[in-house]
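Here is what each chain is made of, one letter per residue.
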Amino acid sequence: MAGMELLLVVFLPFLGSLCAAFVPTNARNAEAWLAGTVALASTLLILSLYPQVEAAGVLRLNLPWAPLLGLDISLRMDGFSWLFALLVSGMGLLVVIYARYYMSPADPVPRFFAFFLAFMGSMLGVVLSGHLIQMVMFWEMTSLSSFMLIAYWHHRTEARRGARMALAVTGAGGIALFGGVLLLGHIAGGYDFDTVLAARERVQAHPWYPVVLVLIALGALSKSAQFPFHFWLPHAMSAPTPVSAYLHSATMVKAGVFLLARLWPVLAGTDAWFWIVGGAGLCSLVLAGYLAMFQQDMKGVLAYSTISHLGLITLLLGMNSELALVAAVFHIVNHATFKASLFMAAGIVDHETGTRDLGRLSGLSRAMPFTAALAVVAAAAMAGVPLLNGFLSKEMFFAETVFLDRPDWQRIVLPLAATLAGVFSVAYSLRLIRRVFFGELARDLPHAPHEPTRWMLLPSALLVAACVLVGIVPEFAIGPYLRMATGAILGADAPAYSLAIWHGLNAPLLMSLAAFGGGALLHGFLLARRRATAVPLLEAIDGRHLFEASMTALGSGAGRALRRLSSQRLQMQMLLIFAVALGGALLLAMPLGTGWATRPPQPLDPAFTLLWVVGGACALAVAWQAKYHRFAAIAFAGGAGLATSLTFVWFSAPDLALTQLSVEVVTTVLILLGLRWLPRRDEHIAGPAGASPRLRRLRDILVAGTSGLGLAALIYVVLTRPAIDGIGPFFIEHALPQGGGLNVVNVILVDFRGFDTFGEITVLGIVALTVYALLRRFRPAPESIPLPRQQREQAAAVAPAGEPPGALLPVGVMMLPAVLVRLLLPLAMLASLFFLLRGHNAPGGGFVGGLILATAVILQYLVGGTVWVESRLRIHPLYWIAFGLLLAAAAGMGAAFAGAPFLTSQVWHGVLPVTGDLHLSSVLLFDLGVYMLVVGATVLMLVAIAHQSLRRHHDKAVTGEAR
Amino acid sequence: MEIVFAFAIGIMAGSGIYLLLRPRTFQVIMGLSLLSYAVNLFIFGMGRLRTGAAPVIDMIRGDDPARYADPVPQALVLTAIVIGFAVTALLLVVLLAARGLAGTDHVDSREPERP
């Protein structure tokens, strides 16, 4: 099945990458075998798919992933992507062999091969994606893995800087591409390539077509290092040479032109396409060719020549002609072969001599004749010498510039520019070869030069052989594959062409001759003896400076904006949040202008009104008293909570009322326990309030008051509107038949939405553990360490004897309450169990029951004191939490025995001898789990805080006893 | 009734937001409590206000949804109340720890400069 093979091709490298990451650091051979095997397997798989692609045209694999959103894992291979995939995997195999001998034993190879394989997988993903968004995802992954590979030697500054620049440029391009692709898919009516490629008229007629074009061009041009984004590629040359050979000549930079070619049927054919794509290509072609002539670093020359050749491909794509597209695809393959082999030669020279500086290297052909021979042939292919592959695609390019279907002046400028670029290409190729391999053998090199091991030459030799083979017998060597690739893009419009070496004495051949002559002259007169390292004329124009200046400006601008628009102070941030929320809500509400009442309000009840007069007063009192009278504020907050609880009762929510009431008690106890650790705050101590605090308070009152009014208005508008039949009726109708319970709220919690509740109690448990953990390292402020006044006085009243150990009851004023509270404990336990058990059919449930028991326990602590309670009663709240969570999970798992999904309720009916009918349900177990967890979590939090006073006290009295 | 209910939410939310804007940690905790009361009531109000219609099924009313209050907002609010308690506890402990480390109960962990 072809689909599975496609999947394997894309995911095998990722699998290999994962494996490679875990191989020991020094296992160079194991790593290389692994990576080589993966690359070889991918190559063979792709080769084996050739007959199917040729027969079927397109192979597809669709795995539904999020079908409702129209997102599938979709792979698609046609002739063009087959050719590209073969290029990626085959080149990967050669580079792995080369890298095995290039990397030094000191380099950590797992990192190299892991990222290398990840890159290969991403690149295959880009090429084989059948879905636009999925392709963009793989596209981003190539940027990321390329970043990691450029920065492989991260101890070098220029490697880090180059990697950052490459990531910034290609990453920004990726964002633009993503936007363009989203628009394109939206216009085309689908994101899979088949839909998009068929939507040419629709896309080009759409008013947003120029935006789509610009965004996609930004992505593609930045990736392919085209003018004006070309500057990152030379800096990416700080990567290890295998990376440069693979990513920055053969594959990744080709992703941009791949995309342009892929989308050529949809986007090309317009003037905008011609100017944007063709223009960028022409500028890169000429400019980078010029710059390449003056580079001092071998890899620098190759980097600029790569930009120039990619410019040639981009220009061809921009010409809006089918034949030019054929030439572009042809040149993509040709360039990959000769440029990768040149990079490998540069790497060999660097490896064996220790330098790549053209000013120092010379005469290496005496020391390393094989390397020199290979490099000479590859460079000749780059210059476009006949009988080599570069010549053929260059001739096709020249022919296209001459026979272009454009206005006259463009038909004159383009051939001239093309010839000029040809001149540059010949000149820099000549200069590179002459400087490095000819002349006197350099004496002062870091290492004495010699031939590298045979295996390092092999990949380069194979590539050169391919150059020659394609150059001499093109129709045999590449004809069918090229036809299949271009046929896949162009469909029925594919033009007829012949891949012959000799087309007669025509204009393109004359242009080639002019380029050779001009290049040789230029080299002879200008470059051969030139020792200056600066680039004439264009020295000032450097994209890097522009890039760095704009990065600095962005950084400082962001800092300034942050200082202006934001604040370090929490109060200011809160104010901003509320002000923005308020403003946004007002903006939204303004144009609506809704009427108020459509549903008759219920008549005013005096008792309810009175309740909220008190409740409102309590709320205001909290706001007023919270600064200086904390105790009063807590009491008032309790009043507001009570009013809330009563409101729940009033409006038919008994469960909420119970929960609110018990939470209220626990919260109050909690905050009371915390009060002791807060600093004393007295109205008399604070300085006189100035005008500015008063103004600030007024401003806050204004914001808070408006927000409150807004909320009140909003809820009033909602309440006076008829209710919408949401999902409520469903739960009411199905609570008894499906959930087996009468209390619908409880059935929702433990049955219908049991998974939510399960998540919620998990959160509760985590919070309790966090509180516990935070308090274990608690360091209170020094002034709150001594015992508070009340405790000192109480102790003084009871002591001097102190509390007798083993006493049945606390002595002193607490004796009487202690008796009552001890009697209360079993009763409270009973009550909590009662609420737990009735919960399914009447108000109650695990939450309420748990909170009641926790309250009863903490009451013992409050009255008897921590030491007294814990000497008699050990509660292990951590166990309660664990058991509760496990029990709830087990109750859910139980469903698996009945073959039902997690948390499906299971019911068991039986008859017991004494009590008669027994009805058991797994939701009771679940609710019991909730109950135990709530008890554990609440007690743990309260006891953890309560323990603090004890510990501090202890620490002073009994040194070093840590709890 | 609706107007009183709306008033209740408004006044608690207003007081709560005012306290959230104050500089002392205790004020912020109290403000959070009040605001969570208001928000819980607000969500609860989405099911509309009904008296004597608790969503506990009995024989008289049968399973006619029109005779019961909407149980969904109630279920939501019930969990919100419990989680609200957990958040208050966590916040309290964090603030206590911050006070212990910084020596002040100001929300920024340092006293503002006096002019």
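Since the model is a prediction, treat every value here as computed from it, not as a measurement. (Residues numbered from 1 in each chain as written. Chains lettered and ligands numbered in written order. Predicted model: local features only at pLDDT ≥ 70, side-chain atom pairs only at ≥ 80, totals over all residues. Heavy atoms only, no water.)

### Section: the overall build of chain A
Along chain A, the regular secondary structure elements total 39 helices and 4 strands. The C-alpha atoms of chain A give 39 Å as radius of gyration, which overshoots the globular expectation for 963 residues (30 Å, by more than 25%). Along the first, second and third principal axes, the C-alpha set of chain A runs to 115 × 70 × 65 Å. Taken over 963 residues, chain A has a buried fraction of 52%. Of all intrachain contacts in chain A linking residues separated by at least 6 positions in sequence, the fraction that spans at least 24 positions is 79%. A total accessible area of about 42,200 Å² is found for chain A, and carbon and sulfur atoms account for 70% of it. Chain A carries 61 positive and 48 negative side-chain charges, and their two centres are separated by 11 Å. (Helix = DSSP H or I, 4+ residues; strand = E, 2+ residues; numbered from the N terminus. Rg over C-alpha atoms; globule rule 2.2 N^0.38 Å. Buried < 20%, exposed > 50% of the residue type's maximum accessible area, 1.4 Å probe, protein only. Contact = heavy atoms within 4.5 Å. Areas by Shrake-Rupley, 256 points an atom, 1.4 Å probe, with all protein chains shown as cover. Lys, Arg positive; Asp, Glu negative; His and termini not counted. Charge placed at Lys NZ, Arg CZ, Asp CG, Glu CD.)

### Quick notes on helix α17 (residues 322–353) of chain A
Between its first and last C-alpha, α17(A) extends 46 Å over 32 residues, near the 46 Å set by a 1.5 Å rise per residue. Counting buried positions over the 32 residues of α17(A) gives 29, a clear majority of the element. (Expected span 1.5 Å × (residues − 1).)

### Points about empty space enclosed by the protein
Over the atoms rolls a probe the size of a water molecule, and in doing so it shows where empty space is left. All told, the structure shown has 7 cavities of 30 Å³ or more when counted by the stated rule. Here the largest cavity is characterised by a volume of approximately 210 Å³. Together, 19 residues line the largest cavity, and V663(A), E664(A), T667(A), S33(B) and Y37(B) are the ones closest to its centre. When residues of the lining of the largest cavity are traced back to their parent elements, those giving at least two are α28 (630–650) and α29 (654–675) of chain A together with α2 (25–45) and α3 (71–102) of chain B. Classifying every residue of the lining of the largest cavity gives 9 nonpolar, 9 polar and 1 charged. Considered as a void within the structure, the second largest cavity measures approximately 120 Å³ in volume. Around the second largest cavity sit 18 residues that line it, and H309(A), L312(A), A421(A), G422(A) and S425(A) are the ones nearest its centre. (1 Å grid on protein atoms, 1.4 Å probe; cavity = no way out; pocket = protein on both sides within 12 Å on 5 of 7 lines; lining within 4 Å. Points joined across faces, edges and corners; volume = space filled by probe spheres on them. Nonpolar A, V, L, I, M, F, W, Y, C, P; charged D, E, K, R; others polar.)

### Looking at the packing of aromatic side chains
Here the structure, examined in full by the defined rule, presents 29 aromatic pairs over all chains. Measuring from centroid to centroid gives 5.8 Å for F80(A) and F84(A), while their planes differ by 85 degrees, and the two rings are edge-to-face. Residue F80(A) and its partner F84(A) are both found in helix α4 (residues 79–102); the two are separated by 4 residues, about one turn of the helix. Considered together, F80(A) and F84(A) belong to a single accessibility category, that of buried residues. Relative to F294(A), the ring of Y290(A) lies with its centre 5.1 Å away and its plane at 65 degrees, an arrangement referred to as edge-to-face. Overall, Y290(A) belongs to the buried group, its relative accessible area being 14%. Among the aromatic residues, those joined into a ring-pair cluster are F112(A), F113(A), F116(A), F119(A), Y152(A), W153(A) and Y246(A). In this structure, R100(A) is placed above the aromatic ring of Y101(A), and the distance from its NZ or CZ to the ring centre is 4.7 Å. Sitting over the ring of Y18(B), R22(B) keeps its end group 4.5 Å from the ring centre. (Phe/Tyr/Trp six-rings, centres within 6.5 Å; stacked < 30°, edge-to-face > 60°. Lys NZ or Arg CZ within 6 Å of the ring centre and 35° of its normal.)

### Observations regarding the interface of chain B and chain A
One frequent convention defines the size of an interface as the accessible area lost when the parts assemble. Counting from both sides, the interface comprises 78 residues of chain B and, opposite them, 105 residues of chain A. Summed over the three residues of chain B that lose the most area to chain A, namely M1(B), R48(B) and F85(B), the buried surface amounts to 10% of that side. If you look at where chain B meets chain A, you find 2 salt bridges. Salt-bridge contacts for R22(B) lead to D700(A); the nearest nitrogen and oxygen are separated by 2.1 Å. At the junction of chain B and chain A, the tally comes to 17 residue pairs in polar contact (both at pLDDT 80 or more). (Buried area = accessible area lost by both parts, 1.4 Å probe. Salt bridge = Lys/Arg side-chain N within 4 Å of Asp/Glu carboxyl O. Polar contact = N/O pair within 3.5 Å; in protein donor to acceptor, adjacent residues only side chain to side chain.)

### A few points about the nonpolar core
Counting residues in each nonpolar core, the largest one holds 201 residues, and the members touching the most others are L184(A), W232(A) and L267(A). No other element matches the 19 residues that α17(A) contributes to this core. What W232(A) contacts, discounting residues up to four positions off in sequence, is M165(A), A166(A), V169(A), T170(A), S222(A), K223(A), A225(A), H248(A), M252(A) and V253(A). Formed by 129 residues, the second largest nonpolar core is a distinct cluster that contains V663(A), A854(A), L49(B) and V77(B). (Core = buried A, V, L, I, M, F, W, Y, C linked by side-chain atoms within 4.5 Å.)

### A short note on the packing of α28(A) against α2(B)
In a packed pair of helices, the relevant descriptors are the angle between the two axes and the axis-to-axis distance. Packing of α28(A) against α2(B) leaves a shortest axis separation of 11 Å and a crossing angle of 5 degrees. With respect to α2(B), the element α28(A) is oriented roughly parallel. Contacts between α28(A) and α2(B) involve R630(A), A633(A), I634(A), A637(A), A640(A), G641(A), T644(A), T647(A) and F648(A) from the first element and F26(B), M30(B), L34(B), Y37(B), L41(B) and F44(B) from the second. For the contact of α28(A) with α2(B), the class distribution of residues is 11 nonpolar, 3 polar and 1 charged. (Axes fitted to C-alpha atoms, helices over the stretch in contact; angles between N-to-C directions. Parallel < 35°, antiparallel > 145°, perpendicular 65-115°, else oblique.)

### Here's the deal with the environment of L432(A)
All names here are of chain A. Mapped onto the elements, L432 comes out in helix α20 (residues 408–437). Considered as a pair, L432 and G279 are 153 residues apart in the sequence and their alpha carbons are 28 Å apart. Not counting chain neighbours up to four residues away, the residues in contact with L432 comprise M298, V301, L302 and L358.

### Looking at unusual backbone geometry
Residues F227(A) and P228(A) are joined by a peptide bond in cis, for which omega reads 5 degrees. For A225(A), which is not glycine, the phi torsion reads 55 degrees and is therefore positive. Take A225(A): it is sitting in the loop between α10 (209–223) and α11 (232–235). Positive phi, normally seen in glycine, also occurs at R48(B), with a value near 70 degrees. Relative to the helices and strands, R48(B) is located in the loop between α2 and α3. In this structure R48(B) comes out as buried when scored by relative accessible area, which is 8%.

### Re the pairing of strand β1 (residues 59–66) of chain A
Residue and element names in this part refer to chain A. Note that β1 and strand β2 (residues 71–77) share 7 bridges and pair antiparallel. Paired with P64 across the strands is D72, a residue of β2. Taken together, β1 and the strand that follows it, β2, pair antiparallel across an intervening segment of 4 residues, in which G70 is found at a positive phi of about 70 degrees. (Pairing = 2+ DSSP bridges.)

### Description of the packing of helix α33 (residues 754–776) of chain A against helix α38 (residues 877–897) of chain A
Residue and element names in this part refer to chain A. In the contact formed by α33 and α38, the axes pass within 11 Å of each other and the chain directions differ by 165 degrees. If you check the angle between α33 and α38, you find them roughly antiparallel. In this structure, α33 crosses over α38, and the sense of that crossing is left-handed. The segment α33 lies against α38, with F758, I761, T762, G765, A768, L769 and Y772 engaging L878, I881, L885, A888 and A889. Looking at the contact of α33 with α38 residue by residue, the class counts come to 10 nonpolar, 2 polar and no charged. (Left-handed = near helix turned anticlockwise from the far one by under 90°.)

### Let's talk about the environment of Y290(A)
Structurally, Y290(A) is set in helix α15 (residues 271–292). Once the C-alpha coordinates of Y290(A) and V535(A) are considered, the two residues, 245 residues apart in sequence, prove to be 9.0 Å apart.

### Details of helix α6 (residues 132–150) of chain A
For α6(A), built from 19 residues, the straight-helix expectation of 27 Å at 1.5 Å per residue is met to within 8% by its first-to-last C-alpha distance of 27 Å. Among the residues of α6(A), those classed as buried are L132(A), Q134(A), M135(A), V136(A), F138(A), W139(A), T142(A), S143(A), S145(A), S146(A), L149(A) and I150(A).

### Quick notes on a positive patch on the surface
Together, R569(A), R694(A), R696(A) and R697(A) give the surface a local cluster of positive charge. With respect to the helices and strands, the residue R696(A) is situated in helix α30 (residues 691–719). (Patch = residues over 30% accessible without salt bridge, like charges linked within 9 Å, V, L, I, M, F, W, Y side chains within 5 Å.)

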